[in-house]
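Secondary and tertiary structure notes
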Amino acid sequence: MRDGEEMSLPAFARRILPPFAGLPLGPFLTLSLRSLARRRPQIFERLGEHRHARYLIDPTDLPFAFCVVPDSTSAVVRVVFRSAETPSDVAIRGPILLLLGVLEGTLDGDALFFHRAISVTGKTEAVVALRNAIEDAELRPSDLLGLTGALGRFADAGILGGLDVARRVATTATPTRREVEI
Amino acid sequence: MTAQQRMELVCPAGTPATLRAAVTAGADAVYCGFSDDTNARNFPGLNFSPKEMAEGIRFAHGHGSKVLVAINTFARAGDTDPWRRAADTAVACDADAVIAADIAVLDHMAQNYPKTRLHLSVQAAAATPEAIGFYLEAFAVRRVVLPRVLSVQEIKALNSAIAVETEAFVFGGLCVMMEGRCHLSSYATGRSPNLNGVCSPPEAVSYDERGQATTARLAGFTIDRYDPGTPAGYPTLCKGRFTAGGKTGYLFEDPVSLNAGTMIVALREAGITALKIEGRQRGKGYVSEVVRAFRHAVDAAELGRDAVEIEGILAALSEGGRQTTGAYRKTWR
């Protein structure tokens, strides 16, 4: 099991990321999510009433977090800073590489929760609905980017490969903790 | 069951993607349910629409696997239509079997669809030759899912006294030993697994972080408080840690998972036909890994070997990070 501390980004990576670096991600992810809703509406149907919930996705090793309302084609993603009090219905916290692993389905969210690598507060039913919707979606980076064909495959290979390398770097950067893969 | 028959590996699926993952990982059969009160894993965002069920069954059949549809809650008096409709839809989708506990659902199936296999759900808590004999005679059930209260020796004795297939849980969440009769969730929240399909409904669950500790509550009842680095469990009262008589501990049951991976040969020799993995609420990662591990273990058992390493492989996926062989090996006796 990879725990939260072990899978956090190395300190040097965190230092080179200023808080405002995340700002352009808000409009980009909003457009991506709305595009995904047009192409695959069934993902958002699984959320039911919880599509209106405000999810605070808080990567604890980044200087910013995301406030997401996954309301299908009206979805909104905002980048928020920890210094500001962000109202939310639910907060999901953990290292970015673990959160991305749950998003792409390679890591088991329940197992990470059991081992306290990620934490959840707020409306638990909204978290359960989001987890199940993501689980069934089998999202690839190309789905979020709206890319298909060879370009989509290239994006998937590049981004997933990059994530894998990042996880290995994060793991080797903290060699004092024993790792057992899940 | 004769010694020559191959044991069936029955695996969970909460979503179409998980069904495909289970089939791909080597499940002989997958069990799943509709998105309503008729199945015992009625959680937000989980389960199948009729269209998804039909597509899932086509996928499974195309890959040589079966699909067993769980309609295993108890029908509400005066509102039995959802259960009748679920049974009709399962048959229309070409399900290989329906898993049921309520005698109204069993009767509806037996009367209208005698060619569709009926499996008696664990929720029926049938653990004696007399009880099983009743379900066999009244509804012609073809298989009984055994409650997790029996030792291997007791299963062997039971199988020698009945003329129906038996299925045993081998991995996953472990209910306190009151299969189908637990009232803890309904006492605290007004909703229960047996009637609403949810134990500890998520809208009644909260996790509060104060300082370094996380407190889990169910409908206002504090279940447990976890220090940093301490493994957590599902937020059910039966796995709660309470103080009573001046002592603090798990009053009902420790937060551990069942893992009978080392007892497959013994279960086979006790006459078990099918091995069931719990976890329809779990994700693809869990299902893929557990099914793959048990596929190897069952194949090894067919050659007379137990797969000891299965305990280490799956420990990280377990509730509370710990595992037990449960009642199968009753060391307290």
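Every value quoted in this text rests on a predicted model; they were computed, and no experiment measured them.

Parameters at a glance
- Residues numbered from 1 in each chain as written.
- Chains lettered and ligands numbered in written order.
- Predicted model: local features only at pLDDT ≥ 70, side-chain atom pairs only at ≥ 80, totals over all residues.
- Helix = DSSP H or I, 4+ residues; strand = E, 2+ residues; numbered from the N terminus.
- Rg over C-alpha atoms; globule rule 2.2 N^0.38 Å.
- Buried ≥ 20, exposed ≤ 12 C-beta atoms within 10 Å, placed from the backbone.
- Contact = placed C-beta atoms within 7 Å.
- Domains from an automatic or database assignment.
- Pairing = 2+ DSSP bridges.
- Axes fitted to C-alpha atoms, helices over the stretch in contact; angles between N-to-C directions.
- Right-handed = clockwise from strand over helix to strand, strands pointing away.
- Parallel < 35°, antiparallel > 145°, perpendicular 65-115°, else oblique.
- Nonpolar A, V, L, I, M, F, W, Y, C, P; charged D, E, K, R; others polar.
- Arc of directions from axis to C-beta.
- Core = buried A, V, L, I, M, F, W, Y, C linked by C-beta atoms within 7 Å.

Now for the overall build of chain B. The number of helices and strands found in chain B is 11 helices and 15 strands. In terms of overall dimensions, chain B is globule-like: its C-alpha atoms have a radius of gyration of 19 Å, near the 20 Å expected for 333 residues. Dimensions along the principal axes, computed over C-alpha positions, put chain B at roughly 60 × 50 × 40 Å. The burial tally for chain B puts 54% of its 333 residues in the buried class. Considering only intrachain contacts with a sequence separation of at least 6, the fraction spanning at least 24 residues in chain B is 64%.

A count of helical and extended segments in chain A gives eight helices and five strands. Each helix and strand of chain A, ordered N terminal to C terminal, gives the series α-α-α-β-β-β-β-α-α-β-α-α-α. Per-residue burial for chain A yields a buried fraction of 42% across its 182 residues. Taking as baseline every contact in chain A between residues at least 6 positions apart, the subset at least 24 positions apart corresponds to 71%.

This next bit is on the domain arrangement of chain B. Residues and elements named next belong to chain B. Along its sequence, chain B is organised into domain 1 (8–173 + 256–329) and domain 2 (185–250). Relative to domain 2, the C-alpha centre of domain 1 lies at a distance of 26 Å. Contacts between the two partners involve 15 residues from domain 1, matched on the other side by 10 residues from domain 2.

Peptide bonds are mostly trans, and most non-glycine residues show a negative phi. Even without being a glycine, Glu-138 of chain A presents a positive backbone phi close to 50 degrees. For Ser-200 of chain B, which is not glycine, the phi dihedral falls at a positive 50 degrees. Looking at the secondary structure, you find Ser-200 of chain B in the loop between α8 (193–196) and β8 (205–210).

Let us look at the interface of chain B and chain A. Tallying the contact residues gives 34 residues for chain B and 30 residues for chain A. Of all the elements, β8 of chain B adds the most residues to the side of chain B that touches chain A, at five residues.

In this section: the sheet that holds strand β4 (residues 90–94) of chain A. Two orientations exist for strands paired in a sheet by backbone hydrogen bonds: parallel and antiparallel. Residues and elements named next belong to chain A. If you walk across this open sheet you meet the five strands as β3-β2-β1-β4-β5, and the pairing is mixed. Where the open sheet ends on each side, the last strands, each with one partner, are β3 (76–81) and β5 (119–122). Across the sheet, the mean angle from the axis of one strand to that of its neighbour is 20 degrees, orientation sign disregarded. Examined bridge by bridge, strand β1 (residues 55–59) and β4 share five bridges and lie parallel to one another. Within the sheet, the bridge partner assigned to Ile-57 lies in β4 and is Ile-92. The sheet contacts of helix α6 (residues 124–137) involve β1, β4 and β5, and relative to β4 the element is tilted by about 60 degrees.

Attention now goes to the pairing of strand β5 (residues 117–120) of chain B. Residue and element names in this part refer to chain B. Sheet analysis places strand β4 (residues 97–100) next to β5, joined by four bridges and oriented parallel. Bridged to Val-98 within β5 is Leu-118. Once the chain exits β4 it traverses helix α4 (residues 103–112) before rejoining the sheet at β5, and the crossover so formed is right-handed. Summarising the sheet, β5 and strand β6 (residues 143–145) pair through two bridges and their orientation is parallel. Residue pairing for β6: His-119 is matched across the bridge by Arg-143. Of the crossover connections in this fold, the one passing from β5 over helix α5 (residues 129–139) to the parallel β6 is right-handed.

Take the packing of helix α1 (residues 16–25) of chain B against helix α2 (residues 50–62) of chain B next. All names here are of chain B. Packing of α1 against α2 brings their axes to within 10 Å, and their N-to-C directions diverge by 10 degrees. Between α1 and α2, the angle is such that the two are roughly parallel. In contact with Pro-16, Leu-19, Arg-20 and Val-23 of α1, α2 contributes Glu-52, Glu-55, Gly-56, Phe-59 and Ala-60. Across the contact of α1 with α2, the residue classes tally to five nonpolar, one polar and three charged.

With that out of the way, let us pick up the sheet that holds strand β10 (residues 221–226) of chain B. Residue and element names in this part refer to chain B. Spatially, β8-β9-β10 is the arrangement adopted by the three strands of the open sheet, whose pairing is antiparallel. Only two strands of the sheet have a single neighbouring strand rather than two, namely β8 and β10. Sheet twist, expressed as the mean angle between neighbouring strand axes with direction ignored, is 25 degrees. Pairing of β8 with strand β9 (residues 213–218), which is carried by six bridges, proceeds in the antiparallel orientation. Across the sheet, the residue bridging to Ser-206 is Arg-217, located in β9.

Our next topic: helix α6 (residues 152–159) of chain B. Turning to α6 of chain B, its buried residues are Val-152, Ile-155, Leu-158 and Asn-159 of chain B. Down the axis of α6 of chain B, the smallest arc covering the buried residues is 120 degrees, so these residues share one side.

The subject of this paragraph is the environment of Arg-295 of chain B. Counting through the fold element by element, Arg-295 of chain B comes out in helix α10 (residues 284–302). Sequence-distant contacts of Arg-295 of chain B, defined by excluding residues within four places in its chain, comprise Leu-9, Ala-25 and Gly-26 of chain B.

So, about the environment of Val-290 of chain B. Residues and elements named next belong to chain B. Within the fold, Val-290 resides in helix α10. The exposure class of Val-290 is buried, given the 29 C-beta atoms found within 10 Å. For the pair Val-290 and Cys-11, spaced 279 residues apart in sequence, the C-alpha separation works out to 9.0 Å.

Attention shifts here to the nonpolar core. Residue and element names in this part refer to chain B. By size, the foremost hydrophobic cluster in this structure holds 143 residues, and its most contacted members are Val-30, Ile-71, Val-98, Leu-275 and Phe-294. With nine residues, the top contributor of residues to this core is α10. Shared between two domains, this core holds at least three residues of each, these being domain 1 (8–173 + 256–329) and domain 2 (185–250). Beyond its immediate chain neighbours, meaning those up to four positions away, Val-98 contacts Val-69, Ile-71, Ala-87, Ala-90, Met-109, Thr-116 and Leu-118.

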